[in-house]
Amino acid sequence: MKLEIGGTTVKSYRVFLGHASSKLSKQKRRYITTPIGKYKIIRIENSKMNYKKMVLNYPNLEDIKYAFENKFISEDEFIHYWKLRQDGKNFDFDEKIFGPKISIEGFGKLNYIFKYLPFVFNWTNGSIAIQNENMDEILKYVKVGTEVNIIE
């Protein structure tokens, strides 16, 4: 993961991406299940399990539109999700379609173990995991509303 300020890469970080089952990810993301796209941080919170986490606005308007165009959701669901996301609200959605909520999160209590191990198994459930120390460093530069661009 790269931290960019004003288009300049300030620092790169080792992160772990995860897999989670969803119709949308299998169709749109070609089995890459941490979603690809432009998102924004909608909430930053402390977490007993993950140390700290930056919750992203997944699914975003593009994801919702894609799900409707490919008949994963009905017109009523599309209108409902679209209005909620336009209003900037966090909302519950069908995880069978979109997969789980996505965040950038710390390793939590297992920080010491995970930061020294090669990544050999999936445990992030579609989110992006990073060392606790690196999370603290990044949080000095980001805030709610910061854009997160997830690319292949």
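Thresholds, definitions, all that
Residues numbered from 1 in each chain as written. Predicted model: local features only at pLDDT ≥ 70, side-chain atom pairs only at ≥ 80, totals over all residues. Heavy atoms only, no water. Helix = DSSP H or I, 4+ residues; strand = E, 2+ residues; numbered from the N terminus. Contact = heavy atoms within 4.5 Å. Areas by Shrake-Rupley, 256 points an atom, 1.4 Å probe, with all protein chains shown as cover. Pairing = 2+ DSSP bridges. Polar contact = N/O pair within 3.5 Å; in protein donor to acceptor, adjacent residues only side chain to side chain. Salt bridge = Lys/Arg side-chain N within 4 Å of Asp/Glu carboxyl O. Buried < 20%, exposed > 50% of the residue type's maximum accessible area, 1.4 Å probe, protein only. Phe/Tyr/Trp six-rings, centres within 6.5 Å; stacked < 30°, edge-to-face > 60°.

Draft legend 1. Inspection of the overall build of the protein at higher detail. Counting its regular elements, the protein contains 6 helices and 8 strands. Overall, the protein shows an N-to-C arrangement of helices and strands of β-β-β-α-β-β-α-α-α-β-α-β-α-β. Long-range contacts, defined here as pairs at least 24 residues apart, represent 66% of the contacts in the protein between residues at least 6 apart. As presented, the protein carries roughly 9000 Å² of accessible surface, and 52% of it is formed by carbon and sulfur atoms.

Draft legend 2. Just the sheet that holds strand 6 (residues 103–106), in detail. Ordered in space as 3-7-6-5-4-8, the 6 strands form an open sheet in which the pairing is mixed. For this open sheet the edge positions go to strand 3 (16–17) and strand 8 (147–150), each flanked by a neighbour on one side alone. With 3 bridges joining them, strand 5 (residues 51–56) and strand 6 adopt antiparallel strand pairing. Considered in strand 6, the bridge of Val55 is made with Ser103.

Draft legend 3. Structural detail: the side chain of Ser47. With respect to the element layout, Ser47 can be found in strand 4 (residues 37–47). Of the polar contacts made by the side chain of Ser47, one reaches the backbone nitrogen of Asn50; its length is 3.0 Å.

Draft legend 4. Representation of the pattern of salt bridges. For the structure on display, the rule yields 5 salt bridges. Close ionic contact of Asp136 with Lys52 constitutes a salt bridge, the shortest N to O distance being 2.8 Å. Of the two residues, Asp136 sits in helix 6 (residues 132–138) while Lys52 sits in strand 5, which places them 84 residues apart along the sequence. Looking at Asp136, the relative accessible area reads 28%, which means it is partly exposed. The partner of Lys65 in a salt bridge is Glu69, and the shortest N-O contact between them spans 3.8 Å.

Draft legend 5. Just the packing of aromatic side chains, in detail. Enumeration over the complete set of coordinates arrives at 9 aromatic pairs. Ring geometry for Tyr58 versus Phe93: centroids 6.3 Å apart, planes at 85°, classification edge-to-face. Here Tyr58 is found in the loop between strand 5 and helix 2 (61–69), whereas its partner Phe93 is found in the loop between helix 3 (75–86) and helix 4 (95–98), with 35 residues between them in sequence. Phe93 matches Tyr58 in its accessibility class, with the two residues each being buried. Aromatic pair Tyr66 and Phe72: ring centres 6.5 Å apart, planes at 40°, arrangement tilted. Since its relative accessible area comes to 19%, Phe72 is described here as buried. An aromatic cluster of three or more residues is present, and its members are Tyr39, Tyr58, Tyr81, Phe91, Phe93 and Phe98.

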